[in-house]
Amino acid sequence: MVPEFTVTRNRWEELPPPLHDRGVINRFRQYLPVSEATPIISLNEGSTPLIHSPRLSERAEAEVFIKYEGLNPTGSFKDRGMTVAVSKALERGARTAICASTGNTSAAAAAYAARANILCAVLLPAGKIASGKLVQAYLYGARVIALRGNFDDALRLVRELGSLDGIAIVNSINPDRIEGQKTAAFEIVEELGDAPDLHVLPVGNAGNITAYWAGYREYLARERSTKLPAMIGFQAIGAAPIFYDRTFEKPETIASAIRIGNPASWKEALAAIFESQGSIDVITDEDILAAQKWLAQHEGVFVEPASAASIAGFFKWCESDDPARSFQKIPEASRIVCTVTGHGLKDPDVIIAQMKELKPVAATLSDVRRAIEG
Ligand code: F0G
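In this report, we go over the structure that sits alongside the text.

Rules used in this analysis
Note on numbering: residues in each chain are counted from 1, in written sequence order. For a predicted model such as this one, the threshold for reporting local features is a pLDDT of at least 70, and the threshold for listing and counting side-chain atom pairs is 80 or more; totals across whole chains, interfaces and linings nevertheless cover every residue. Hydrogens and water molecules were not included; the side-chain quantities draw on all heavy atoms of the structure. Any residue with at least one heavy atom within 4 Å of a molecule or strand is counted as near it. Counted as a polar contact is a pair of N or O atoms within 3.5 Å, where, for protein atoms, one must be capable of donating a hydrogen and the other of accepting one, and residues adjacent in sequence contribute only when both atoms are in side chains. The accessible surface values rely on the Shrake-Rupley method and a 1.4 Å probe; as for residues, cover is taken only from the protein chains in view. As defined here, a cavity is a set of points on a 1 Å grid over the protein atoms alone where a 1.4 Å probe fits but cannot get out. A pocket is an open set with protein on both sides within 12 Å along at least five of seven lines, and residues line them when an atom is within 4 Å of a point. Pocket occupancy is defined atom-wise: a molecule lies in a cavity or pocket when more than half of its atoms are within 2 Å of its grid points. By the criteria applied, helices consist of DSSP H or I runs no shorter than four residues and strands consist of E runs no shorter than two, each listed in order from the N terminus. We count a salt bridge whenever a side-chain nitrogen from Lys or Arg sits within 4 Å of a carboxyl oxygen from Asp or Glu. For every residue, the accessible area (1.4 Å probe, protein chains only) is compared with the maximum for its type, and the residue is labelled buried under 20%, exposed over 50%, or partly exposed between those bounds. Any two residues having at least one pair of non-hydrogen atoms within 4.5 Å are treated as being in contact. Whenever a helix is involved, its axis is fitted only over the stretch in contact; in every case the axis is a line through C-alpha atoms, and angles between N-to-C directions fall within 0 to 180 degrees. Note on terminology: angles under 35 degrees are roughly parallel, angles over 145 are roughly antiparallel, angles of 65 to 115 are roughly perpendicular, and the others are oblique. Handedness of a crossing is defined here by the sense of rotation of the near helix relative to the far one, left-handed for an anticlockwise turn of less than a right angle and right-handed for a clockwise turn. Following the grouping adopted for this structure description, the nonpolar residues are Ala, Val, Leu, Ile, Met, Phe, Trp, Tyr, Cys and Pro, the charged ones are Asp, Glu, Lys and Arg, and the polar ones are all others, Gly among them. Pairing between strands is defined by DSSP: at least two bridges between them are needed. Look down the strands so they point away from you; if the path from the first strand over the helix to the second goes clockwise, the crossover is right-handed.

## Some words on the site of the ligand
Right, so step 1: Not every one of the 21 residues close to the ligand is listed here, only the nearest: Ser-101, Asn-205, Ala-206, Asn-208 and Thr-341.
Right, so step 2: Between Asn-205 and the ligand, the recorded distance is 2.7 Å, taken from a backbone N or O atom to an oxygen atom.
Right, so step 3: Between a nitrogen atom of the ligand and a side-chain N or O atom of Thr-341, the distance comes to 2.6 Å.
Right, so step 4: Relative to its unbound accessible area of 470 Å², the ligand is 98% covered by the protein chains.
Right, so step 5: When atom positions are compared with the pocket grids, the ligand is found to occupy the largest cavity.
Right, so step 6: Elements supplying a minimum of two residues to the shell around the ligand: helix H4 (104–116), helix H9 (207–221) and helix H13 (305–319).

Pasting the structure below:
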């Protein structure tokens, strides 16, 4: 028997730091829409590493950092927004969290809903979810609904279901999600002592680029930083509605997390790009897979394909002569942050497909030595 309980107050809030100091709501409470009345649902998300990369720095002749969001509790940046969205949903009396997802949102929603002791329903495009993410939603106890349709169809249905009583939509169309996700920008500013000059990230439903831009603007307004970065987003070429300025009926890319043809935050993303004097560009699936491998083998950072879109785009801009889409003209002391959004273990199938068959060797010293020498 699992005992029934309702979340009232977190006793651990009375514990001394650092124990009570974890999680984005505790760390950035003053900048988030929470009050004493909000029951805080947290898994100690956020405070992810900002890793300096000497090799990427050399390529761009600038200082380059990787914001490794795959180290959040469910393995993606979604946890930042989900702690706020689920806490606020609970405060408003919701008993069910619902979302459409390409995988990571569903994993985060399922985990935070489990922690909050509420039901979670996730609508996923059937057959299009990376196995690690599906396993997460299942094990965290969500109602997993495989939809004959794509992400855009799922989000349309979720919008309709969200108007029912007691149901909270926890997609990034919920402003609480954006509020939580903006904290990644805060962390970067605090760590670097100022905002970077350029910020590179993958774009799918476009919530994250919207959230980072909000975070950077807020810290500038509060005089925590002195400048704003140019926001540079990358879409997969087969799922690039913002770049091509048209919806994609059948978006296709190996980076299943960003296989989206009609992003919900399209307008906001364009505003972020325009206001920041940034850009939106595309990369191929081949570039994404090559960047994923490069990052693992040269930096020891394993990310899922959608996250590698940042790095693929970074390389494209290092090599490009197009004056509007290149790092060649940036000043040498420029600081570039590349967000890598999700952990590589989320999508093992992409890697397994590239692996050679493992042939067992005999358990003798000579055979093993020969195998090591290749
Ligand atoms: N990277 C990863 C790993 C993602 O899971 C997503 C989005 C993005 C990048 C793009 O972020 O949508 O804010 O522009 N995943 C959503 C999901 C759509 O359902 O998990 P965005």
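The rest of the description comes next.
## Description of the pattern of salt bridges
Right, so step 1: Per the counting criterion, the structure on display carries 21 salt bridges.
Right, so step 2: A salt bridge links Glu-187 to Arg-80; the shortest N-O distance between them is 2.9 Å. A residue pair is termed long-range when its members are at least 10 positions apart, and Glu-187 in helix H8 (residues 183–192) and Arg-80 in helix H3 (residues 78–91) qualify at 107 residues.
Right, so step 3: With a relative accessible area of 1%, Glu-187 lands in the buried category.
Right, so step 4: Judged by relative accessible area, Arg-80 falls into the buried class, the value being 1%.
Right, so step 5: The partner of Lys-182 in a salt bridge is Glu-218, and the shortest N-O contact between them spans 2.8 Å. Linking Lys-182 in the loop between helix H7 (175–181) and H8 with Glu-218 in helix H9, this pair joins segments that are 36 residues apart in sequence. Across the pair, exposure class does not vary: Lys-182 and Glu-218 are buried alike.

## Notes on the environment of Tyr-212
Right, so step 1: Take Tyr-212: it is sitting in helix H9.
Right, so step 2: Taking the C-alpha atoms as reference points, Tyr-212 and Ala-113, 99 residues apart in sequence, are found 24 Å from one another.
Right, so step 3: If sequence neighbours within four positions are ignored, Tyr-212 has contacts with Lys-67, Glu-69, Ala-184, Ala-185, Ile-188, His-199, Leu-201, Met-231 and Thr-339.

## Examining the packing of H4 against helix H5 (residues 131–139)
Right, so step 1: For the pair H4 and H5, the least separation of the axes is 8 Å and the interaxial angle reads 20 degrees. Judged on the interaxial angle alone, H5 and H4 are roughly parallel. Here the hand of the crossing between H4 and H5 comes out left-handed. Contact with H4, carried on its side by Asn-104, Ser-106, Ala-107 and Ala-110, involves Lys-133, Gln-136 and Ala-137 of H5 and no other residues of that element.
Right, so step 2: Of the residues that constitute the contact of H4 with H5, the class distribution is three nonpolar, three polar and one charged.

## Overview of the pairing of strand S3 (residues 96–100)
Right, so step 1: With respect to burial, S3 is a largely interior element, five of its five residues being buried.
Right, so step 2: Where S3 lies against strand S4 (residues 119–125), five bridges are found, and the strand directions are parallel. The residue bridging Ala-100 from the neighbouring strand is Leu-123, located in S4.
Right, so step 3: Read from S3 through H4 to S4, the crossover connection turns out right-handed.
Right, so step 4: Sheet analysis places S3 next to strand S6 (residues 167–169), joined by three bridges and oriented parallel. Following the sheet pairing, Ile-98 is matched in S6 by Ile-169.

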